[in-house]
Amino acid sequence: MKLLAPFTEADAPRWLLSFDFDGTLVVAEEDPAVCADFFELMRSMRSDHRSCWGINTGRSLMQTVQGLVDARFPILPDYIIAREREIYLPNEFGRWVGNAQWNKQCEREHHKLFRQCRKVLKHLKQWVETETAAVWGIQKEEPAGIVASTAAEMDLIVDKIDDTIEAETALSYQRNGIYLRFSHKHYHKGTAMLEVARLMGLSSQHAFAVGDSHNDLDMLNPEMAEMLACPANACPEVKLQVESAGGYVAKGHASRGVVEALGAHFANKK
Ligand SMILES: [Mg+2]
């Protein structure tokens, strides 16, 4: 995997492109998992528009890097946002390095939040374990997450969580299909993308975001990105939000829809 031409001070990025991974860019069961046109477009948009592109996903960094290999990406993204909130940038050798300032602050805020909310989380854990077939996954780096047995079961769990978490706390969650991760209200795909934009000297006015699932809703917001899109296979809530914000709902599936949406948004841009 190669990095595209690096940006320089004289030739700084002008646009930030943020792509959800699973279901948006990549369909692992298909061959190819990403259409070849997408990579061609990233190359031409780099030379024509000075666009900087990245993956914005619920996957961990390791899972994302493996995903890039499995889907045979010929080029390396300019950034990765992992677990909907951690920022990584490649060094000159293409190794992924965490943005220390953002990631540490993010981790501290989450530790503090989970400590403050331990009673609520304990209550929810008990409810999930007695009332559903879902698994409350406790890993070292993931103190509060749930894996449901079906999407319908997760719908139920989400209703319960919405009723339980108090409006005044900063406790929130990211849902993606049968997976859910508790998180801090201020750290999500949208705010992490804005931070990457800031690091690149850009703002929401220069950002394009595309996604297909619930955990993309935070970045599919006009306050986060001027240009919004979703592929044809996006879930109904995502389509509705993109449409009502004046974004582009593609007719194409996954990466075909992404290519189509970029074409629509950048047709008249220099
Ligand atoms: Mg997705």
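Use the structure listed above.
It should be emphasised that the depicted structure is a prediction, and the values quoted were computed from it without experimental measurement. (Residues numbered from 1 in each chain as written. Predicted model: local features only at pLDDT ≥ 70, side-chain atom pairs only at ≥ 80, totals over all residues. Heavy atoms only, no water.)

(A) How the structure looks around the overall build of the chain. Within the chain one finds eight helices and 14 strands. The C-alpha radius of gyration computed for the chain amounts to 18 Å, which stays within 12% of the reference 18 Å derived for 270 residues, consistent with globular compactness. Overall size of the chain, expressed as C-alpha extent along the three principal axes, is 55 × 40 × 35 Å. Put simply, of all contacts in the chain between residues at least 6 apart along the chain, 57% involve residues at least 24 apart. (Helix = DSSP H or I, 4+ residues; strand = E, 2+ residues; numbered from the N terminus. Rg over C-alpha atoms; globule rule 2.2 N^0.38 Å. Contact = heavy atoms within 4.5 Å.)

(B) Up close: the sheet that holds strand S7 (residues 96-98). Reading across the sheet, the eight strands line up as S7-S6-S5-S3-S2-S12-S13-S14 and stay open at both edges, with mixed pairing between neighbours. Each of the sheet's edge strands pairs with one partner strand only, and the pair in question is S7 and strand S14 (248-249). Inspection of the sheet shows strand S5 (residues 79-82) paired to strand S6 (residues 86-90) by three bridges, in the antiparallel sense. Paired with Ile81 across the strands is Ile87, a residue of S6. With respect to the sheet, helix H1 (residues 36-49) is in contact with strand S2 (15-19) and strand S3 (51-56), its orientation differing from that of S3 by roughly 140 degrees. (Pairing = 2+ DSSP bridges. Axes fitted to C-alpha atoms, helices over the stretch in contact; angles between N-to-C directions.)

(C) Representation of the coordination of the magnesium ion. Within the protein, the magnesium ion binds to Asp20 (OD), Asp22 (O) and Asp212 (OD); these donor distances fall in the range 2.2 Å. All donors of the magnesium ion belong to a single chain; written as a sequence motif, their spacing is D-x1-D-x189-D. Residue Asp22 is found in the loop between S2 and H1, and its partner Asp212 is found in the loop between strand S12 (207-210) and strand S13 (227-230); the two are separated by 190 residues along the sequence. (Donors = N, O, S within 2.8 Å, 3.2 Å for Na, K, Ca; no water.)

(D) Quick look at the nonpolar core. Ranked by size, the top nonpolar core spans 35 residues in total, and within it Phe19, Phe38, Met42, Trp53, Phe73, Phe208 and Leu262 carry the most contacts. Tallying contributions element by element places H1 first for this core, with five residues. Those residues in contact with Phe19, other than ones at most four positions away along the chain, are Leu25, Phe38, Met42, Trp53, Gly54, Ile55, Asn56, Phe208, Val210, Val258 and Leu262. Ranked by size, the runner-up nonpolar core spans 26 residues in total, among them Leu16, Ala192, Met219 and Met224. (Core = buried A, V, L, I, M, F, W, Y, C linked by side-chain atoms within 4.5 Å. Buried < 20%, exposed > 50% of the residue type's maximum accessible area, 1.4 Å probe, protein only.)

(E) The packing of H1 against helix H8 (residues 254-266), seen in detail. One can describe the packing of H1 onto H8 by two numbers: an axis separation of 9 Å at closest approach and a directional angle of 25 degrees. On the basis of their axis angle, the class for H1 and H8 is roughly parallel. In the packing of H1 onto H8, the handedness of the crossing is left-handed. Across the interface between the two elements, Asp37, Phe38, Leu41, Met42, Met45 and His49 of H1 pack against Arg256, Val258, Val259, Leu262 and Phe266 of H8. By residue class, the composition of the contact of H1 with H8 is eight nonpolar, one polar and two charged. (Parallel < 35°, antiparallel > 145°, perpendicular 65-115°, else oblique. Left-handed = near helix turned anticlockwise from the far one by under 90°. Nonpolar A, V, L, I, M, F, W, Y, C, P; charged D, E, K, R; others polar.)

(F) Here's a closer look at unusual backbone geometry. Cis rather than trans, the peptide bond between Asp31 and Pro32 has omega equal to 0 degrees. Following the sequence through the fold, Pro32 ends up in the loop between S2 and H1. Positive phi values are uncommon outside glycine, yet Arg50 reaches one of about 55 degrees. Within the secondary structure, Arg50 sits in the loop between H1 and S3. Given a relative accessible area of 10%, Arg50 falls into the buried group. Even without being a glycine, Arg83 presents a positive backbone phi close to 45 degrees. As for its position among the elements, Arg83 is in the loop between S5 and S6. Look at Arg83 and you get buried, because its relative accessible area is 7%.

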